[in-house]
Amino acid sequence: MTQDSRHHEETFISKYVFSLDHKVIGIQYMITSLLFLLLGFSLVLLMRWQLAYPGTPIPLIGPLLPNFMAPGGVLHPVSYNTFGAMHGTIMIFLGIVPLGVGAFGNYLLPLQIGARDMAFPRMNMMSYWVYFLGGVLMLMSFVLPGGAAQSGWTSYAPLSIISPGQTVWLLAMTFLITSSLLGSINFIVTTVNLRAPGMTWFRLPIFVWAQFITALLLLFAFPVLQAGAILQLLDRIAHTSFYIPKGIIVGGKLIDAAGGGSALLWQHLFWFLAHPEVYVLLLPAMGIVAEIITNNTRKPIFGYKELVGAFASIGVLSFMVWAHHMFISGMKTSLSYLFMTTTMLISIPSILILTCYLLSLRKASIRFNVPMLFALAFLPMFGIGGLTGLPLGFTPTDIYLHDTYYVIGHFHYVVVTGTMIALMGGIYFWFPKMFGRKMNMKWGFIHFWGTIITMNGIFFPMFIQGMAGVQRRLFDPTVQAHNIVVQPTNIFMTFSAITLLLFQVPFILNFFISIFKGDKTEENLWQSTTLEWACPSPPLPHMNFAQNPTVYRGPYEYSVPGREKDYWPQGESE
């Protein structure tokens with residue numbers, strides 16, 4: 001029996017559920033992560049109502065919540081802590097990373113290098129289902145005894161060891177970390193070994209470079225958190241003392257533990273992963289923006305090799321900056337100066353990347369379609385996120401801004417108005433390739449403008465609050481007198497968040513309706529040059545290409561003098 005005949009005999013289960021096809025797995029990641037993102041965003045809406053109107057019943061939804069979560073429709077303080085911890089966990093580990101890496105990486109990386117599939121298809125399938133099980137386990141914690149995690153998405157010790165709900169969080173995280181490790185190994189081996197003939201390293205699209213370096217970050221950073229999570233799990237269930245210091249008193253009673261552990265050890269282990277994790281969130285988004293910008297400017301990306309070097313520099317430096325999250329933990333001044341210096345250094349390649357993207361727009365004939373609007377919006381939004389991070393990288397200013405809403409505003413400008421905006425643009429850009437149909441661009445414009453305006457309405461006031469001294473994690477901000485001055489901004493931010501949710505309705509309807517009823521599209525809708533546009537839309541199951549491609553030139557041969565067409569595909573011979 002030939003390989004092709006086996007593929008034709010696939011059942012529904014083997015084709016769409018336990019599929020070995022990287023494209024189906026990518027779509028599984030995409031739909032699952034989008035649903036998790038919707039859930040994570042819904043949690044924060046309940047928190048925002050409490051911040052805007054403390055002690056007031058949540059309209060419509062409040063009476064439907066269980067009494068232990070919201071007695072009388074008013075959010076309980078423990079539920080507020082739980083929703084905060086689970087919002088961060090779901091959005092980062094179950095939403096944005098699986099969307100940027102699992103969905104876009106799985107679907108596009110083999111196509112862009114001319115491969116028929118990932119190097120290890122069964123490992124690829126396993127990575128999705130381990131992620132899915134981790135997500136289900138994380139959500140199950142809401143209804144299990146003890147409830148969900150209450151110690152923030154950072155799970156700081158010793159609170160995470162003495163508070164309920166954290167055991168399931170740690171178990172679920174081991175699933176999610178294992179999934180990322182399986183995926184990263186697959187991405188690295190695929191990129192190194194399965195490139196098409198002629199696809200040299202400097203003919204790889206920027207998106208492939210972004211995914212390759214992201215996979216290296218995951219491979220080297222996640223095992224550290226895995227080990228740290230196992231030690232924290234042992235502290236909870238085996239009563240070890242890796243993170244429990246000696247003589248700790250809780251509720252007026254001395255904890256019965258051997259003691260001698262270090263709570264700061266967990267912070268070091270967590271942030272050694274979590275700062276590279278920021279670039280795990282960012283690099284795929286930067287790769288997507290590069291592909292969209294060069295396609296819609298009809299010219300080669302400015303500074304291709306410089307961009308690759310900047311991505312690699314970020315990858316290396318991201319492992320040298322983790323302790324800037326810990327400036328007020330009591331570290332030695334000389335050590336804080338070291339991490340302050342490395343933090344300033346890592347901003348240089350980030351600025352270089354933005355500069356290359358901006359120079360790519362110079363003298364360009366720009367097509368202002370929906371994907372391009374999202375890509376263009378990424379540039380100032382990420383710029384704001386980066387610039388507002390500089391005061392947090394200096395110890396004198398970080399002392400005042402640490403643990404205020406300024407930090408939350410900075411992080412959300414990087415991850416939401418930066419990364420999520422780019423990922424949305426990627427969905428509109430590659431949707432025709434994935435499904436062979438086009439999304440409705442009229443609704444896409446409505447989605448874009450509504451999203452970008454309301455996102456800024458949510459996150460920009462956080463800088464004002466932070467500089468006014470409003471602390472994060474406050475259940476009721478009005479208990480501190482100095483917060484009352486800026487309390488109106490909480491009301492404005494809450495209604496901006498509700499409006500943002502409403503503007504996602506056109507996207508959700510557009511996405512799912514277009515899968516089945518969108519206008520059918522041609523093979524190369526955007527007249528692009530990279531290899532994924534050389535295969536049918538959608539690509540052939542398991543095979544991708546009708547015949548094995550050969551690469552003859554770089555990835556961005558646009559507007560070549562002397563050619564009739566303004567694009568020259570990589571796989572088109574002389």
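Residues numbered from 1 in each chain as written. Predicted model: local features only at pLDDT ≥ 70, side-chain atom pairs only at ≥ 80, totals over all residues. Heavy atoms only, no water.

S.K.: Just checking my understanding: could you explain the packing of helix H4 (residues 77-113) against helix H7 (residues 166-193) for this structure?
M.R.: For any two helices packed against each other, one specifies the inter-axial angle together with the distance between the axes. Across the interface, H4 lies against H7 with an axial gap of 11 Å and an inter-helix angle of 20°. When the axes of H4 and H7 are compared, the pair comes out roughly parallel. The two elements H4 and H7 cross, and the hand of that crossing is left-handed. Residues Met-86, Thr-89, Phe-93, Leu-94, Val-101, Gly-105, Asn-106, Leu-109 and Ile-113 of H4 pack against Trp-169, Met-173, Leu-176, Phe-187, Thr-190 and Thr-191 of H7. Counted by class, the contact of H4 with H7 contains 10 nonpolar, five polar and no charged residues. (Axes fitted to C-alpha atoms, helices over the stretch in contact; angles between N-to-C directions. Helix = DSSP H or I, 4+ residues; strand = E, 2+ residues; numbered from the N terminus. Parallel < 35°, antiparallel > 145°, perpendicular 65-115°, else oblique. Left-handed = near helix turned anticlockwise from the far one by under 90°. Contact = heavy atoms within 4.5 Å. Nonpolar A, V, L, I, M, F, W, Y, C, P; charged D, E, K, R; others polar.)

S.K.: I'm lost on the packing of helix H12 (residues 370-393) against helix H14 (residues 405-435) in this one. Help?
M.R.: H14 packs onto H12 with a crossing angle of 160° between their chain directions and a minimal axis gap of 8 Å. Between H12 and H14, the angle falls in the class roughly antiparallel. Along this stretch, H12 crosses H14, giving a crossing that reads as left-handed.

S.K.: Just checking my understanding: could you explain the pattern of salt bridges for this structure?
M.R.: Two side chains that carry opposite charge are able to pair once their charged atoms sit near each other. In the structure shown here, the tally under the stated rule is five salt bridges. Between Asp-566 and Arg-298 there is a salt bridge, and its shortest N-O distance comes to 3.0 Å. Placement of the pair is Asp-566 in the segment after helix H16 (487-517) and Arg-298 in the loop between helix H9 (263-297) and helix H10 (304-317), with a sequence separation of 268 residues. On the accessibility criterion, Arg-298 (6% relative accessible area) is buried. Between Arg-472 and Asp-403 there is a salt bridge, and its shortest N-O distance comes to 3.8 Å. Separated by 69 residues along the polypeptide, Arg-472 in the loop between helix H15 (441-467) and H16 and Asp-403 in the loop between helix H13 (395-401) and H14 bring together distant segments of the chain. If you follow the salt bridges from partner to partner, you end up with Asp-403, Arg-472 and Arg-473 in one network. (Salt bridge = Lys/Arg side-chain N within 4 Å of Asp/Glu carboxyl O. Buried < 20%, exposed > 50% of the residue type's maximum accessible area, 1.4 Å probe, protein only.)

S.K.: Quick question: what am I supposed to make of unusual backbone geometry here?
M.R.: With glycine set apart, most residues show a phi of negative sign, and most peptide bonds adopt trans. Here the bond from Ala-157 into Pro-158 is cis, since omega is 5°, no more than 30 degrees from zero. Inspection of the secondary structure puts Pro-158 in the loop between helix H5 (121-140) and helix H6 (159-162). Cis geometry is found at the peptide bond from Ser-537 to Pro-538, where omega equals -5°. Within the element layout of this structure, Pro-538 appears in the segment after H16. A positive phi angle, close to 65°, is found at His-542, a residue other than glycine. By the secondary structure assignment, His-542 is in the segment after H16.

S.K.: Got a minute to help me understand the side chain of Thr-294 in this structure?
M.R.: With respect to the helices, strands and loops of the structure, Thr-294 is situated in helix H9. Apart from the residues within four sequence positions on either side, Thr-294 is in contact with Lys-299, Pro-300, Ile-301, Tyr-556 and Tyr-558.

S.K.: What's the story with empty space enclosed by the protein in this structure? I'm lost.
M.R.: Over the atoms, a rolling probe the size of a water molecule traces out where space has been left empty. Taken as a whole and judged by the stated rule, the model has two cavities of 30 Å³ or more. In this structure, the largest cavity encloses a volume near 220 Å³. Among the secondary structure elements, those contributing two or more residues to the lining of the largest cavity are H4, H5, H7 and helix H8 (206-237). Class assignment for the residues of the lining of the largest cavity results in 10 nonpolar, eight polar and one charged. Space inside the second largest cavity adds up to approximately 40 Å³. The wall of the second largest cavity is formed by Phe-93, Trp-153, Trp-169, Met-173, Ile-177, Leu-225, Ala-229, Trp-266 and Phe-270. Of all the secondary structure elements, the ones that give two or more residues to the lining of the second largest cavity are H7, H8 and H9. Among the elements that make up the lining of the second largest cavity, the one with the highest residue count is H7 (three residues). Per-class residue counts for the lining of the second largest cavity are nine nonpolar, no polar and no charged. (1 Å grid on protein atoms, 1.4 Å probe; cavity = no way out; pocket = protein on both sides within 12 Å on 5 of 7 lines; lining within 4 Å. Points joined across faces, edges and corners; volume = space filled by probe spheres on them.)

S.K.: Sorry, what's going on with the environment of Asn-81 here?
M.R.: Among the secondary structure elements, Asn-81 is positioned in helix H4. Remark: the alpha-carbon pair of Asn-81 and Met-47, spanning 34 residues in sequence, is separated by 9.1 Å. Here Asn-81 is in contact with Ala-149 and Gln-150, once residues within four sequence places are set aside.

S.K.: Help me understand the packing of aromatic side chains, please; the structure alone is not making it clear to me.
M.R.: Two descriptors summarise a pair of aromatic rings, namely the distance from one centre to the other and the angle between the planes of the rings. Applying the stated criterion to the full structure yields 47 aromatic pairs. On the basis of an interplanar angle of 80° and a centroid distance of 6.4 Å, the ring pair of Trp-209 and Phe-212 is categorised as edge-to-face. Of this pair, Trp-209 and Phe-212 both sit in helix H8, three residues apart, roughly one helical turn. Phe-212 sits in the buried class, given a relative accessible area of 12%. Ring geometry for Phe-429 versus Trp-526: centroids 5.7 Å apart, planes at 15°, classification stacked. Taken together, the positions of Phe-429 in helix H14 and Trp-526 in the segment after H16 put the pair 97 residues apart, joining distant regions of the chain. Under the relative-accessibility criterion, Phe-429 is labelled buried at 1%. Taken together, the ring pairs in this structure connect Phe-374, Tyr-428, Phe-431, Phe-435, Phe-448, Trp-449, Phe-507, Phe-511 and Phe-512 into an aromatic cluster. Positioned above the aromatic ring of Trp-201 is the side chain of Arg-195, whose terminal nitrogen or guanidinium carbon lies 4.4 Å from the ring centre. The lysine or arginine in question, Arg-563, covers the ring of Trp-568, its NZ or CZ lying 4.2 Å from the ring centre. (Phe/Tyr/Trp six-rings, centres within 6.5 Å; stacked < 30°, edge-to-face > 60°. Lys NZ or Arg CZ within 6 Å of the ring centre and 35° of its normal.)

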